[in-house]
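# Close look at the chain arrangement
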Amino acid sequence: MQHTGATILRTLLERQGIHTLAGIPGGAILPFYDALHGSGIRHILTRHEQGAGFLAQGMARVTGRAAVCLATSGPGATNLLTAIADARLDSIPLVAITAQVPQALIGTDAFQEVDTYGLTLPITKHNFLVRSIEELLETIPLAFTLAESGRPGPVAVDIPKDVLNARAEITAWPEPGRRRATPPCTAPEIEALAALLAGARRPMLYLGGGVIGAGAAELARTLAHHIDAPAVTTLMALGTLTADDPLNMGMLGMHGGKGTNLLMREADVIFAIGARFDDRATGKVAEFCPRAAIAHLDIDRAELGKIRAATLALAGDAAETLTCLLQRLPAQVHPAWRARAAELRAAYPLIHPAPAREPLHPVNLIRSLARLLPDDVIVTTDVGQHQMWVAQAFPFNRPRTFLTSGGLGTMGFGLPAAIGAALAAPERRVVCVSGDGSILMNIQELATLADLDLPVAVLVCNNAHLGLVRQQQELFYGRRYSASRFQSATDFAAIARGFGLRGVTLDPEDDPLGRLASALAAPGPVLIDIPIHETANVLPMVPPGAANHLTITATELAAAHA
Amino acid sequence: MPDTKQPATTVLELRVRNHPGAMSHITGLFARRAFNLEAIVCVPEADHATSRMLLLVADDPKLEQMQRQLEKLHDVLEVRHRADIGVGYFSALRW
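Residues numbered from 1 in each chain as written. Chains lettered and ligands numbered in written order. Predicted model: local features only at pLDDT ≥ 70, side-chain atom pairs only at ≥ 80, totals over all residues. Heavy atoms only, no water.

## Concerning the overall build of chain A
Each helix and strand in chain A was counted, giving 22 helices and 20 strands. Evaluated residue by residue, chain A yields a buried proportion of 59% over its 562 residues. Put simply, chain A shows about 21,000 Å² of open surface, and 55% of that area lies on carbon and sulfur atoms. Positive and negative side-chain charges in chain A, numbering 45 and 51 respectively, have mean positions lying 5 Å apart. (Helix = DSSP H or I, 4+ residues; strand = E, 2+ residues; numbered from the N terminus. Buried < 20%, exposed > 50% of the residue type's maximum accessible area, 1.4 Å probe, protein only. Areas by Shrake-Rupley, 256 points an atom, 1.4 Å probe, with all protein chains shown as cover. Lys, Arg positive; Asp, Glu negative; His and termini not counted. Charge placed at Lys NZ, Arg CZ, Asp CG, Glu CD.)

See below:
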């Protein structure tokens, strides 16, 4: 049958099982949008290409499968870059398809021409410039294979307009791209790991986003209980253990519990799984877990020894490796060590004012929010103080329920990711917790939300500041508040109404939690503007560059200022 | 007296897919990860589908990390450490 490059691309995506994609049309990509017309693929028209990128990320983070975003050449492509870079740092499978000016015009500074291949090269797992229909047939399945295999990541495919318009007779279609299996760890490696863990007296698990990526959350929970090891999670791994699990020591690092950070210092064996020893997690790396032998399991061999040399470095799939390990490893109990963990956890609780006195203190607010939502709610955040309060106080109980920009730390992630999550999980409630700084970075996607009428609630924690910047200026820059305060107040509820959504502003003096509950109970999308004190800080906090045991708690800070 | 000692170098040999982006991926990796890259020789193989590259790189503790990052590149098919090829190989190419 006679095809164009554009109909070939559409057919390849259909064969790949893609039924929803997000993007914005423009000159160079018009042939593909023409091919989409009347097709079974649902196109979500966002209002900015970055929104399309994060919407696709929301779908990918909920399902674990590669999702697709689209943009035209030039500014369309450059607007996608932040979402692509974000997917790279958080290992999210994404296929970003951009159109390019016709090949005859490449290099001539043509209208809306930019070197998308060059721009995406350092921020993708791999990228392609497709030069012919033959290459298109190879590249699209390969892009999905690469995005989903091994350590997942974004793949960019740039397609010149003349390739989209070219015609060809297609008699046989290539097989859809599938995830390639990762070679397993060897039996001697598993034996060595089992021996190291069996000999530990104070073992700990350090779980990263790779545990969730590998679908190994339940195995990691089983392992923790099997060897009686307290477990810490990175921001990306929250939800791996249930919040009330006695072995769950919560998040480590810059805004982790002080008890958690101190316990890691006492561990004699740390088993890191799918974690990359990020500086926000380790603090000053030379002083991270100084007494521990480190076993490091990662699907990406280049992560082994990148930051911290491991006693035992294992490249492999977490699910498969933990399954083998559990078969070989005798159960252990470490009552004294577990008691020490409980003691440290009790000694350093999350400090917050009494809920009755200050119901809108962020920690109280997040906990009230959790009580109002079903257990399978998906929570997205933007980046800043609200993100850390959610990480500290929201009781995540299952993987893929907390979607956040961890590595790149992109303000503007939360709203489009929440829309993507709601599309991928149509039966579930989705909440985007944002701040008044972050929400403005992709607020135009409220229009997309209005189009789709999805059950997404957007909570704006509004302190009229770039709060985490303000906090660092207070603590580390002599209270010189430089460009962290917004001079004019924005009426976010009115803006939401302007987009055709419900908008609610909570009043601290007028039953704010009751109004929060009724705003969340009503069906459909809503934006809730919540005033919070600008002086509320995220604590505990490790000063940037310091060792984790130097965590400053709220109590210590209050004593220092008294 | 200024220290005139040259930093220690060594050679990596790569077999790569021969297409326009491969070189960018490799040099981009070195720039992005702050690895030293002193010299490159690249010659297409007989079939022109693949090329062989010799990279003169710093012989420092980052060498293993450098090799692992290179192995992750889709266009890099093989990475070998060629300690047997000396820096003299590259200086002989000067013109």
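On we go.
## Considerations on the sheet that holds strand 2 (residues 20-23) of chain A
Residues and elements named next belong to chain A. Reading across from one edge, 3-2-4-5-7-6 is the order of the six strands in this open sheet, with parallel pairing throughout. The sheet is open, and its two borders are formed by strand 3 (42-45) and strand 6 (126-129), each paired with just one other strand. Averaged over all pairs of adjacent strands, the angle between strand axes in this sheet comes to 20°, irrespective of strand direction. Two elements, strand 2 and strand 3, share four bridges in a ladder whose sense is parallel. Paired with Ala22 across the two strands is Ile44, which belongs to strand 3. Sheet strands in contact with helix 4 (residues 75-89) are strand 4 (67-71), strand 5 (94-100) and strand 7 (154-160), and its direction is about 160° off that of strand 5. (Pairing = 2+ DSSP bridges. Axes fitted to C-alpha atoms, helices over the stretch in contact; angles between N-to-C directions. Contact = heavy atoms within 4.5 Å.)

## Notes on helix 17 (residues 414-424) of chain A
Counting along an α-helix, one turn takes 3.6 residues, and residues three or four places apart therefore face a common direction. Here helix 17 of chain A lies mainly inside the structure; ten of its eleven residues are buried. Of all the residues in helix 17 of chain A, the buried ones are Gly414(A), Leu415(A), Pro416(A), Ala417(A), Ala418(A), Ile419(A), Gly420(A), Ala421(A), Ala422(A) and Leu423(A).

## Let's talk about the interface of chain A and chain B
Taken together, the 15 residues of chain A in the interface contact 14 residues of chain B. Between chain A and chain B, the buried area comes to about 1,300 Å², and carbon and sulfur atoms account for 49% of it. Among the residues chain A hides against chain B, the three largest losses belong to Leu121(A), His126(A) and Arg301(A). Together they make up 36% of the total. In this structure, Lys72(B) and Asp300(A) form a salt bridge, with 2.5 Å as the shortest nitrogen-oxygen distance. Between the two partners, chain A and chain B, sit eight residue pairs in polar contact (both at pLDDT 80 or more). (Buried area = accessible area lost by both parts, 1.4 Å probe. Salt bridge = Lys/Arg side-chain N within 4 Å of Asp/Glu carboxyl O. Polar contact = N/O pair within 3.5 Å; in protein donor to acceptor, adjacent residues only side chain to side chain.)

## What about the pattern of salt bridges?
Under the criterion given, the structure shown has 29 salt bridges over all chains. Salt-bridge contacts for Arg301(A) lead to Glu71(B); the nearest nitrogen and oxygen are separated by 3.0 Å. Note that Arg301(A) is positioned in the loop between strand 13 (293-298) and strand 14 (312-315) and Glu71(B) in helix 2 (residues 63-72), a pairing that runs across two chains. For the salt bridge of Arg80(B) with Glu13(B), the shortest nitrogen-to-oxygen distance reads 3.7 Å.

## Observations concerning helix 10 (residues 217-226) of chain A
Residues and elements named next belong to chain A. Where helix 10 is concerned, the buried positions are Ala217, Ala220, Leu223 and Ala224. All buried residues of helix 10 fall inside an arc of 120° around its axis, so they share one side. Tucked inside the fold, the buried residues of helix 10 contact strand 9 (203-207), helix 9 (209-213), strand 12 (269-273) and helix 13 (318-328). Among the residues trailing helix 10, Asp228 stands out with phi positive, at a value near 55°. (Arc of directions from axis to C-beta.)

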